Amino acid sequence: MFSPQRTMGQYTTPKKTVQYMTRKLLSELPEKSTLKVLDPATGDGIFIHTLLEEGLTAENLYAFDIDQKTASPHPEVHFYYEDFLKVDQRGQYDAIIGNPPYKSKRQSPYFSENRERIEREFGKIGTHNLYSLFIHKGIQCLKPGGVMTMIVQDSFLTNIYYKNFREFLLKETEIKEIILAPRRLFHKGKADVRTAIITLKKRDLKAPVSTQMRLVDRLNEQNYDHPPEGTIQYLSQQTFEQMPAYNFSINVPEDILRHFEAPYQALGSVLKGGTGISTGDDRSFLRPFKEGHAPSDWIPFYKNGGRKDAWFYEPKYYIHKDWPDYVDSGGNFTVRNRAYFYKRGITCSSMGVDFSAALLPEGSLFGVNANLFPEHEEDLYYFLGLLNSKLMKYMVRKVLNRTNMITSGYIKKIPYIEPDPLQKQVMIETARSIVEKKKEDPTFQTGEWEMLVDQTVYEIYGISKSSRSKVHDFCHDIMEKI
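Under an unreviewed UniProt entry, the protein has the name site-specific DNA-methyltransferase (adenine-specific) and belongs to Halobacillus litoralis. Per UniProt, the comment on the protein under Catalytic activity (unreviewed entry) is "a 2'-deoxyadenosine in DNA + S-adenosyl-L-methionine = an N(6)-methyl-2'-deoxyadenosine in DNA + S-adenosyl-L-homocysteine + H(+)".

Here it is, written out as structure tokens:
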């Protein structure tokens, strides 16, 4: 059984992280003797205690918590049993700090219990997680020029569901800093959650944003004041405004970022397709057969490859040729992109830390992973090589979507640059050779061939040696770097 705190999405923030957040907040504010500071989900009160240690007086501190079992963090602090998302205190605070709850719409009954109010107040930014609602409400409660520092799930950085939320932050605030906190920061609380510390200043909408953002890549330790060399980047906030879906990219080299600046040609302009068949019950409709032993009335079905399946792999599942009979049967069997069925294409992994692409053989069907088809079939092996390059993996996982669910929509946003004929031919011949070798021997080591692919793609996209090094470092250990 989870504790009430886990159920609400509340986790104790490590003291060292709280100390940094507190100092960062105060460094962005004027004279602190008259500040009015709020912790909107105080929990164990660690932020209030740290603010007091930093010299703020209790009479200037305010704390809310929805949990009636929560004790006041200090007898002289203004403490209220309040649902912060229901308060109306616009423009009341100089600063807001804290660790709001992380619970999605699927995880928390709070959304269904307060559906109409949440949709009315937060619908424009998207009602997907409590933490984004807390930040939105917090910005409303800040005075002009007020500052907020929060530690939240990092899903808001790139997930498409948070597009409107990111746009809201860019319009309403100056982003001072985003730090990707250590991946295991909350493991002591048995929470496997990736987090980011974000510091914002409420904008005077008539004044332009003049400062640069400080962006710090994923840390291994809580060394926020002195991150390792090469993990810090300073960018204009306008950079995020130019990104597809307003994505917030952290410590991505500028010669890679420039490819995403609008307007640019996206890969989706030359690669079509997407998801295919969703059976609603794979156990009932799909069958595994040993290689070469599938009955003639069963069709190869590709649903989700993995890292070891890059370039080519034999089908792991089959679906019966009578599958069309189930489309209108009234169940959950749904079909999309039927026009691409049985054609040769590219099938991509959709779940997991890594990303890979493999040949989709002619005569096959495919599931709800990304399946892509070139406008000109003769370019098939070029795009197969392109998608298996380290640069494309970096663009997908570091820039476009930091989560472990990669859909065709993200892949189609990759910037596309038309190669010269020689570069294209090198890629086609190399990719075709790799596929043929993998067909003969699934354990064939593709490392040397992939180096040629990577080199060619770097040249096509004009990527510097230093940026290539960052790409390789990221792709070598995505789990730790993401």
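Participant: For the domain arrangement of the protein, give the residues involved together with the corresponding values.
Facilitator: Along its sequence, the protein is organised into domain 1 (4-251) and domain 2 (267-480). The distance between the C-alpha centroids of domain 1 and domain 2 comes to 37 Å. Facing the 19 residues of domain 1 at the interface are 13 residues of domain 2. Counting the surface domain 1 buries against domain 2, the share from its top three residues, Thr158, Arg183 and Arg194, is 32%. Residue Arg184 pairs with Glu480 through a salt bridge whose shortest N-O separation is 2.8 Å. For the pair domain 1 and domain 2, the interface holds 12 residue pairs in polar contact (both at pLDDT 80 or more). A breakdown of the residues in the side of domain 1 that touches domain 2 according to their chemical character gives 7 nonpolar, 6 polar and 6 charged.

Participant: Can you explain the environment of Phe383? Please cite residues and give values.
Facilitator: Tracing the backbone shows Phe383 in helix α11 (residues 380-387). Expressed as a C-alpha distance, the spacing of Phe383 and Leu267, which sit 116 residues apart in the sequence, is 9.5 Å. Here Phe383 is in contact with Leu267, Val270, Leu271, Ile346, Pro374 and Tyr416, once residues within four sequence places are set aside.

Participant: I'd like to hear about the sheet that holds strand β6 (residues 173-180), residue by residue, with values.
Facilitator: Strand order in this open sheet of 9 strands is β3-β2-β1-β4-β5-β7-β6-β8-β9, and the pairing throughout is mixed. Two strands in the sheet have a free side with no partner beyond their single neighbour: β3 (78-80) and β9 (232-236). Averaged over neighbouring strand pairs, the angle between their axes works out to 15° when direction is ignored. Examined bridge by bridge, strand β2 (residues 61-64) and β3 share 3 bridges and lie parallel to one another. Pairing of Tyr62 across the sheet is with His78, part of β3. With respect to the sheet, helix α7 (residues 163-172) is in contact with β6 and β7 (195-202), its orientation differing from that of β6 by roughly 125°.

Participant: Quick rundown of the nonpolar core? Include the residues and the values.
Facilitator: Counting residues in hydrophobic clusters, the biggest one holds 129 residues, and the most contacted among them are Phe156, Ile178, Leu267, Leu387, Leu391 and Ile411. Looking at this core, you find at least three residues from each of domain 1 (4-251) and domain 2 (267-480). The residues contacting Leu391, other than those within four sequence positions of it, are Ile256, Val457, Tyr458, Tyr461, Ile463 and Val471. In terms of nonpolar packing, the next biggest core, distinct from the first, is built from 16 residues, Ile277, Phe285, Ile319 and Leu365 among them.

Parameters and conventions
Residues numbered from 1 in each chain as written. Predicted model: local features only at pLDDT ≥ 70, side-chain atom pairs only at ≥ 80, totals over all residues. Heavy atoms only, no water. UniProt positions renumbered as here; feature names shortened; annotations may be inferred. Domains from an automatic or database assignment. Contact = heavy atoms within 4.5 Å. Buried area = accessible area lost by both parts, 1.4 Å probe. Salt bridge = Lys/Arg side-chain N within 4 Å of Asp/Glu carboxyl O. Polar contact = N/O pair within 3.5 Å; in protein donor to acceptor, adjacent residues only side chain to side chain. Nonpolar A, V, L, I, M, F, W, Y, C, P; charged D, E, K, R; others polar. Helix = DSSP H or I, 4+ residues; strand = E, 2+ residues; numbered from the N terminus. Pairing = 2+ DSSP bridges. Axes fitted to C-alpha atoms, helices over the stretch in contact; angles between N-to-C directions. Core = buried A, V, L, I, M, F, W, Y, C linked by side-chain atoms within 4.5 Å. Buried < 20%, exposed > 50% of the residue type's maximum accessible area, 1.4 Å probe, protein only.

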